Amino acid sequence: MAGAKTRLQRLVLRTGGVFPLRPLFRLYYRLAAGLFIRATRARFPAVSDIFVRRGQTEEGWVPGASDVDLGVIARLPSAAEDAAFVKAFWAHYARWKRLFPILGEAQIVAEDEASRLRGLAGVRFREYGRAARQTGWRARWDCLGEALFSCLHLLEQTYFEAASAPAGPDFGIKIAKGYLDVLRYGEGCVRADGTAVSRQRLASGLRGDGANAALERPFLMTRPQAAGLCALALRTLERSCALFVQDARERLEPGTAAPGSTSWELPAEDDPFMLWHGRLKVLDEPGYPKIHGIYYDSVFRWIVVADVNDDRSLLKLFSKLEAWPKENGVFRAPAWILPPAAFQALLWTPHLGTPFFHRCLSASLNQWGVAGRKRSRFPLDSWGQRAQWRMKAGDFLPPPPELLRYGAQSCAGSLALSLRLFGLEGWAGDNIYRLCLLYSRLLSLNLYFTTGQARDPDDLEALLAATATCCPELFARIKAPLLDALQSPPQDWNARPAAQCFYGHFPSYRLLMGEILAKLPGVTSS
């Protein structure tokens, strides 16, 4: 399927400039979307709405560079009906995707969830109904989140995904789109009204010299040109984030909020930590940018906080980090590189699956300059180990209360949009640990909306105890499957397909998701 899609993309992109063909390619996209939507409505009476979203709805979309992303709203009154619908839908979707490889991501939400999402602010939530556009400070925060999301995706496209295999035919277009999104949303997050211009308008005002020259012919963009745009995007984002953070400190005082106070222990005999700690010391050698700190999120992602003002040293860091996953399995994926102000802003947004990320930073480091998470009594929980190097909780501010509320609401909405994707075979890969982490994300959000207190989202033992105290009826309903998951050795989860594990725990996920959404403010009618 991937090979067919690549060949189709290459054909469309190479010939799409020919006038008679471009309208035909657009017609093909519309035909594929229309036939799938019609067939889905006929196959599933529970579907109340299905529509095209994201790139296809934007002005100037390019055939071959944009998938057909879909939104599905369905009447799913019970967990059993929900699970049955999701299983049947993904089987139906797989058959149609073989016929039309241009079908992209499909998001499934229940009708009651869609009505809640319409009460949230956000670029991605507006696709689900009549939510009012936000203005002022809330819109600026929204733009900040989009700028960070675009930057993280741009990093992966530039020096991770493109380096692991031959670049796809749409490589340059993806880089150009991501770069323009970083710039336009970064500019929007510092504007008083929080507005972001369109990609076309921004591109028309850029000077075609230096790194920007690659935008003139994105079909022919090389990897070095993409790296140059990525470096420029990082510097632009750093300036935008610094201005936003400074304004937030002045206008939204943190009040009683305090830095995370998690105390971690790192035994000297913990070889995996010592292994990566030794590798990180390499970055102190001449030629690399200044490294302010490094954080490992316990799943697969490393975040390197570094200066980005020098292209030569930054590109050297890119090359070094690319190689690490191939050299040792401790590094499951190349790192995200972020400058300090952008990392500070990242702590205030939900892009790592939780708006309480600042609570995961340790208050102190040991004699090696490292903090690592202490072992949990639960096998699966202890399998994923957090660690950080050089930076402490006190080096970064927690979000002001108002921004924390925005982040929690946005994270809840994002989880609702992505929750059922785990039921798609192969979507979660073999990393079943991520499915267990869904519990911690959902538990921490529910406790925040219940008590108003932010907790370390990965301290599952503390989350369980707090849920048992604050929500005893809820805890009684999810206790058995949750503890079964936590007490299972990781290899038992990995021995089963990801989708099978997901459906086994779906009733608990859905129950927690419903509790969270019921507490969100600003609900609108369907």
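Residues numbered from 1 in each chain as written. Predicted model: local features only at pLDDT ≥ 70, side-chain atom pairs only at ≥ 80, totals over all residues. Heavy atoms only, no water.

## Concerning the overall build of the chain
So, step 1. Each helix and strand counted, the chain has 18 helices and eight strands in total.
So, step 2. In the chain, which comprises 526 residues, the share counted as buried stands at 55%.
So, step 3. Counting only contacts in the chain whose residues sit at least 6 apart along the sequence, the fraction spanning at least 24 positions is 76%.
So, step 4. For the chain, the exposed area adds up to about 21,900 Å²; of that, 53% sits on carbon and sulfur atoms. (Helix = DSSP H or I, 4+ residues; strand = E, 2+ residues; numbered from the N terminus. Buried < 20%, exposed > 50% of the residue type's maximum accessible area, 1.4 Å probe, protein only. Contact = heavy atoms within 4.5 Å. Areas by Shrake-Rupley, 256 points an atom, 1.4 Å probe, with all protein chains shown as cover.)

## Regarding the side chain of Glu113
So, step 1. Along the chain, Glu113 falls in helix α4 (residues 111-117).
So, step 2. What makes Glu113 buried here is its relative accessible area of 7%.
So, step 3. With sequence-adjacent residues up to four places away left out, Glu113 is seen in contact with Arg420, Met513 and Leu517.

## Comments concerning the pattern of salt bridges
So, step 1. For the coordinates displayed, the defined rule picks out 15 salt bridges.
So, step 2. In this structure, the salt-bridge partner of Arg53 is Glu127, at a minimum N-O distance of 3.0 Å. Highlighted residues: Arg53 in strand β1 (residues 47-53) and Glu127 in the loop between α4 and α5 (136-164), separated in sequence by 74 residues.
So, step 3. When its relative accessible area of 4% is taken as the criterion, Arg53 is described as buried.
So, step 4. Put simply, Arg420 and Glu113 hold a salt bridge, and the shortest N to O gap is 3.1 Å. You can see Arg420 sitting in the loop between α13 (401-418) and α14 (433-451) and its partner Glu113 sitting in helix α4, a full 307 residues away along the chain.
So, step 5. On the accessibility criterion, Arg420 (1% relative accessible area) is buried.
So, step 6. Here the salt bridges share partners, and the residues they tie into one network are Asp82, Glu113, Arg420 and Arg510. (Salt bridge = Lys/Arg side-chain N within 4 Å of Asp/Glu carboxyl O.)

## Some remarks on the sheet that holds strand β3 (residues 103-110)
So, step 1. The strand order across the open sheet formed by three strands is β1-β2-β3, and the pairing between neighbours is mixed. Lying at the two open borders of the sheet, with one neighbouring strand each, are β1 and β3. Taken over all neighbouring pairs, the strand axes of this sheet differ in orientation by 20° on average, direction set aside.
So, step 2. Where strand β2 (residues 68-74) and β3 come together, six bridges link them in parallel fashion. Counterpart to Gly71 in the pairing with β3 is Gln107. (Pairing = 2+ DSSP bridges. Axes fitted to C-alpha atoms, helices over the stretch in contact; angles between N-to-C directions.)

## Here we look at unusual backbone geometry
So, step 1. You will see that Arg390, though not glycine, has its phi angle at about 80°, which is positive.
So, step 2. Relative to the helices and strands, Arg390 resides in the loop between β8 (387-389) and α13.
So, step 3. The exposure class assigned to Arg390 is partly exposed, which follows from its relative accessible area of 31%.

## Looking at the sheet that holds strand β7 (residues 370-372)
So, step 1. Reading across from one edge, β6-β5-β4-β8-β7 is the order of the five strands in this open sheet, with mixed pairing throughout. The open sheet is flanked by β6 (336-338) and β7, the only strands paired with a single partner. Averaged over all pairs of adjacent strands, the angle between strand axes in this sheet comes to 15°, irrespective of strand direction.
So, step 2. Pairing between β7 and β8: three bridges, direction antiparallel. In the strand pairing of β8, Gly372 is matched with Ala387.
So, step 3. On top of the sheet, helix α11 (residues 340-347) reaches β4 (291-296), β5 (302-306) and β6; it is set at about 135° to β5, its chief contact.

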